[in-house]
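Topology and contacts: notes
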Amino acid sequence: MKFNNLGLLPSLLKAINEKGYDKPSPIQEKAIPVILRGKDVLASAQTGTGKTAGFTLPMLQLLTKSSNSQNRKIKALILTPTRELAAQIYENVKEYSAHIDLISTVIFGGVNQNPQVSKIKRGVDILIATPGRLLDLENQRALSLSNVEILVLDEADRMLDMGFQRDINKIMNLLPKKRQNLLFSATFSKEIKSLAKGILNDPVLIETSKENTTVEAIIQYVYKVDKNQKSNLIIQLIKEENWTQALVFTRTKHGANNLCKKMIKANISAAAIHGNKSQGARTKALAGFKNGVVKILVATDIAARGLDIPLLPHVVNFELPNISEDYVHRIGRTGRAGAKGEAISLVCNDEKQYLRDIEKLIGLNIPSKTKIGFEPNKNPSSEPIPNKQKRSDFSRKKGGDRNRNQRRR
Ligand code: AMP
């Protein structure tokens, strides 16, 4: 299949050509013709699959028919969970619309609203927004959603995880009843199905490759290590193996800050990205990482979600996520666009159950290693372990699943 066969306008094909894309990705191949026919879409697609172009290209084409350059109104709304994702989609929309007379802008919280408001006042056709700032500006009557023809809900599962359900409901009430709806989600949970039912009208279901097929393309392994030795181990790995860049996931914001400080102390250029950081700090960290000045980006799941960082050689789970699906999202940051990558997890005794759950989800046993000098329980004095049973022993027979659910959440 070629882009030429998808029924796209020459001006869009030109932009695609300038981006250097050879052929459409599976999600693009499936979604573009359906969206061009004006259908609602429910698509399961992760970041890295090319889903942004999958919804943006046909959206632009449909908008060229109805936009009016003398009197621009918001005709398309793209809702995304995070500021970084919003900024990234905006960049993509600008590139794909380079040869089309459509104006787009992005709004998100954490920064001064005035430049965003002035841009909207000058007239935009496409608005990319996070829910909070969108509702804020609508309340102030700084924008109107009454002319929206196309709604995109991107990373809908993450929006629900982040507690945006009520905001989404409010936004739906501000939109015209008659519109085209496109919902993208990495997973089709019960909650997503119920959200989709309330929003979509006779949607075409589009599923791309299962998550675990993505996982198979990535080299994964586990280092068994005591909790208090994890920072030293990762610092040693980065230095010994001369890593160029890595994205490192921690479970908490506090953990991200701590690890980042330790890295900087060890002369490794690092930055942390999480919800407590100001927008300025987050943008700076991400830009530094993208241009290579920052070598290690330490992130929490929500902050890293959807970030497009091409050709990342290493992803590290400093702590395993307690929700197995997050493991798949995290390691999807490596080995993207056909490049091989390594996903390394530092796993301590407390996390053995998480590891089993992840292995069950992905249907693989992740090979494990220990590093000399970092074997679990090598330093019992620095990590007090109250009773013998608690000692880590990964070679011990697996079992004891009884309290698993209580422990998971
Ligand atoms: P996304 O999943 O939309 O975040 O896209 C992931 C990455 O794939 C981005 O860097 C896109 O520029 C790139 N991309 C999107 N479509 C294609 C394509 N058809 N061929 C090659 N790269 C693509």
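Let me begin by describing the structure that accompanies this report. Per-chain numbering applies: the sequence of each chain, read as written, is numbered from 1 onward. Where local features are concerned, this predicted model is filtered to residues with pLDDT of at least 70; where side-chain atom pairs are given and counted, the filter is 80 or more; whole-chain, interface and lining totals use all residues. Side-chain descriptors were evaluated using all non-hydrogen atoms of the structure, hydrogens and water having been removed beforehand.

On to unusual backbone geometry, then. The phi torsion at Glu155 lies on the positive side, around 50°, for a residue other than glycine. Numbering of helices and strands runs from the N terminus; a helix is a DSSP stretch of H or I covering at least four residues, while a strand is a stretch of E covering at least two. For Glu155, the location among the structural elements is in the loop between strand 5 (150-153) and helix 7 (156-161). Glu155 gets classed as buried once you look at its relative accessible area, which sits at 3%. One non-glycine residue, Asn242, lies in the positive phi region at around 50°. Here Asn242 shows up in the loop between helix 11 (230-240) and strand 9 (246-249). Only protein chains enter the accessibility calculation, which uses a 1.4 Å probe; a residue is then buried when its area is under 20% of its type maximum, exposed when over 50%, and partly exposed in between.

In this section: the side chain of Thr130. With respect to the helices and strands, the residue Thr130 is situated in the loop between strand 4 (126-129) and helix 6 (131-139). For Thr130, the residues in contact, after removing those within four places along its chain, are Leu79, Thr80, Pro81, Thr82, Arg83, Ala86, Ile107, Phe108 and Gly109. What makes two residues a contact is simply this: any of their non-hydrogen atoms within 4.5 Å.

Within the secondary structure, Met263 sits in helix 12 (residues 253-265). Look at Met263 and you get buried, because its relative accessible area is 0%. Between the C-alpha atom of Met263 and that of Ser231, which follows or precedes it by 32 residues, the distance is 8.1 Å. Those residues in contact with Met263 that lie beyond four places of it in its chain are Ile234, Ile235, Ile238, Ile268, Ala270 and Ile296.

This brings us to the pairing of strand 1 (residues 41-44). Of the two faces of strand 1, both are covered, the one formed by Val41 and Ala43 as well as the one formed by Leu42 and Ser44. In this structure, strand 1 lies alongside strand 6 (residues 180-185), joined through four bridges in parallel fashion. Across the sheet, residue Leu42 finds its bridge partner in strand 6, namely Leu183. Think of it this way: DSSP has to see at least two bridges between two strands before they count as a pair. Note: strand 1 against strand 7 (residues 204-207), four bridges, orientation parallel. Bridge pairing links Leu42 to Leu205 in strand 7.

Quick look at the pattern of salt bridges now. Salt bridges are defined by distance alone: a side-chain nitrogen of Lys or Arg within 4 Å of a carboxyl oxygen of Asp or Glu. If you walk through the whole model with that rule in mind, you get 17 salt bridges. In this structure, Glu95 and Lys19 form a salt bridge, with 2.7 Å as the shortest nitrogen-oxygen distance. Linking Glu95 in helix 4 (residues 83-96) with Lys19 in helix 1 (residues 10-19), this pair joins segments that are 76 residues apart in sequence. A relative accessible area of 35% means that Glu95 is categorised as partly exposed. Lys94 is the salt-bridge partner of Glu91, the closest N and O atoms lying 3.4 Å from each other. You can see Glu91 and its partner Lys94 sitting in helix 4, three residues apart, about one turn around the helix. What makes Glu91 partly exposed here is its relative accessible area of 40%.

Don't take any of this as a statement about function, it's just geometry.
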